[in-house]
Amino acid sequence: VLLLQGFSTRKEPVADNVGRALLAEGIASLAVDLPLHGDRSDPLQLQSARNPLAVVRLWRSALAEAGLAVRYLGARKEVDAERLGVAGYSLGSFLAVAMAAGEPRVRAVVVAAGGDLPAGTPLATVARTLADPLRAGRKLAPRRLLMVHGRDDRTVRPDQAERLYAAAGEPREIRWYP
């Protein structure tokens, strides 16, 4: 399972918590720092991320790197290449859905605190063109999708999660938590 962290976080907490829990179940995982995250944070590059063209470049880089990480996992002799998955939290969930939509090697997707873009997204047309979770979600079937979401989440609201869930095909499941 490729593990993708949330905005402004590092790979280590994801690997230490989720990765260890998966390992206890006999599931290998790989956590990577996304561009501008963890060991790859760069204050100068972060300033350029306010530029829409820089955001496009960074998003495409993150997608390409996530795809490369999945291919790396699939090439490992210790890993069953027919049982690859991706799990993303918050920002990582948006990336997980987008990457999995174009990566047939991914057989299962877990989305925690993820969903559709929020209403009123700045530059909404550009954002939908670049990263439309609903369009990507429609491409996941027949792969499994598990969504876990908080009923009171104020960052990625429940209505955003419900829109992604509605767009995704079967098999899918959503679990709600307080």
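Look up: the structure comes first, before these words.
This write-up is about the structure you can find in this document. This is a predicted model, so every value here is computed, not measured.

1. With respect to unusual backbone geometry
Moving on, step 1. Residue Ala-141 is joined to Pro-142 through a cis peptide bond whose omega torsion reads 10 degrees.
Moving on, step 2. Turning to its location among the elements, Pro-142 is positioned in the loop between helix H6 (133-138) and strand S5 (144-150).
Moving on, step 3. Note the cis peptide between Glu-170 and Pro-171, where omega equals 0 degrees.
Moving on, step 4. Counting through the fold element by element, Pro-171 comes out in the loop between helix H7 (158-167) and strand S6 (172-177).
Moving on, step 5. Located in the positive-phi region is Ser-90, a residue other than glycine, with phi close to 55 degrees.
Moving on, step 6. Although it is not a glycine, Ala-113 adopts a positive phi angle of roughly 60 degrees.
Moving on, step 7. Among the structural elements, Ala-113 can be located in the loop between strand S4 (106-112) and helix H5 (124-130).
Moving on, step 8. Residue Ala-113 is classed as buried on the basis of its relative accessible area, which comes to 10%.

2. Brief notes about the sheet that holds strand S3 (residues 84-89)
Moving on, step 1. Taken in spatial order, the 6 strands line up as S2-S1-S3-S4-S5-S6 in an open sheet, and their pairing is parallel. With one partner strand each, in any of the chains shown, strand S2 (30-31) and S6 form the two edges of the open sheet.
Moving on, step 2. Packed on one face of the sheet, helix H1 (residues 11-24) meets strand S1 (2-4) and S2 and runs near 140 degrees to S1.

3. Some remarks on the packing of aromatic side chains
Moving on, step 1. What the rule picks out here adds up to 0 aromatic pairs.
Moving on, step 2. Across from the ring centre of Trp-176, 4.0 Å away, lies the NZ or CZ of Arg-151, which sits over that ring.
Moving on, step 3. Above the ring of Tyr-165, the side-chain terminus of Arg-172 is found at 4.3 Å from the ring centroid.

4. So, the packing of helix H3 (residues 52-75) against helix H4 (residues 91-101)
Moving on, step 1. The interhelical angle for the contact between H3 and H4, taken along N-to-C directions, is 70 degrees, at an axis separation of 10 Å. Here H3 is positioned roughly perpendicular relative to H4, judged by the angle of their axes. Helix-helix and strand crossings are classified by hand; for H3 and H4 the assignment is right-handed. In this structure, H3 contributes Trp-59, Ala-62, Leu-63, Ala-66, Gly-67 and Val-70 to the contact, and H4 contributes Leu-91, Phe-94, Leu-95, Ala-98 and Met-99.
Moving on, step 2. Among the residues forming the contact of H3 with H4, the class breakdown is 10 nonpolar, 1 polar and no charged.

The rules behind each value
- Residues numbered from 1 in each chain as written.
- Predicted model: local features only at pLDDT ≥ 70, side-chain atom pairs only at ≥ 80, totals over all residues.
- Heavy atoms only, no water.
- Helix = DSSP H or I, 4+ residues; strand = E, 2+ residues; numbered from the N terminus.
- Buried < 20%, exposed > 50% of the residue type's maximum accessible area, 1.4 Å probe, protein only.
- Pairing = 2+ DSSP bridges.
- Contact = heavy atoms within 4.5 Å.
- Axes fitted to C-alpha atoms, helices over the stretch in contact; angles between N-to-C directions.
- Phe/Tyr/Trp six-rings, centres within 6.5 Å; stacked < 30°, edge-to-face > 60°.
- Lys NZ or Arg CZ within 6 Å of the ring centre and 35° of its normal.
- Parallel < 35°, antiparallel > 145°, perpendicular 65-115°, else oblique.
- Left-handed = near helix turned anticlockwise from the far one by under 90°.
- Nonpolar A, V, L, I, M, F, W, Y, C, P; charged D, E, K, R; others polar.

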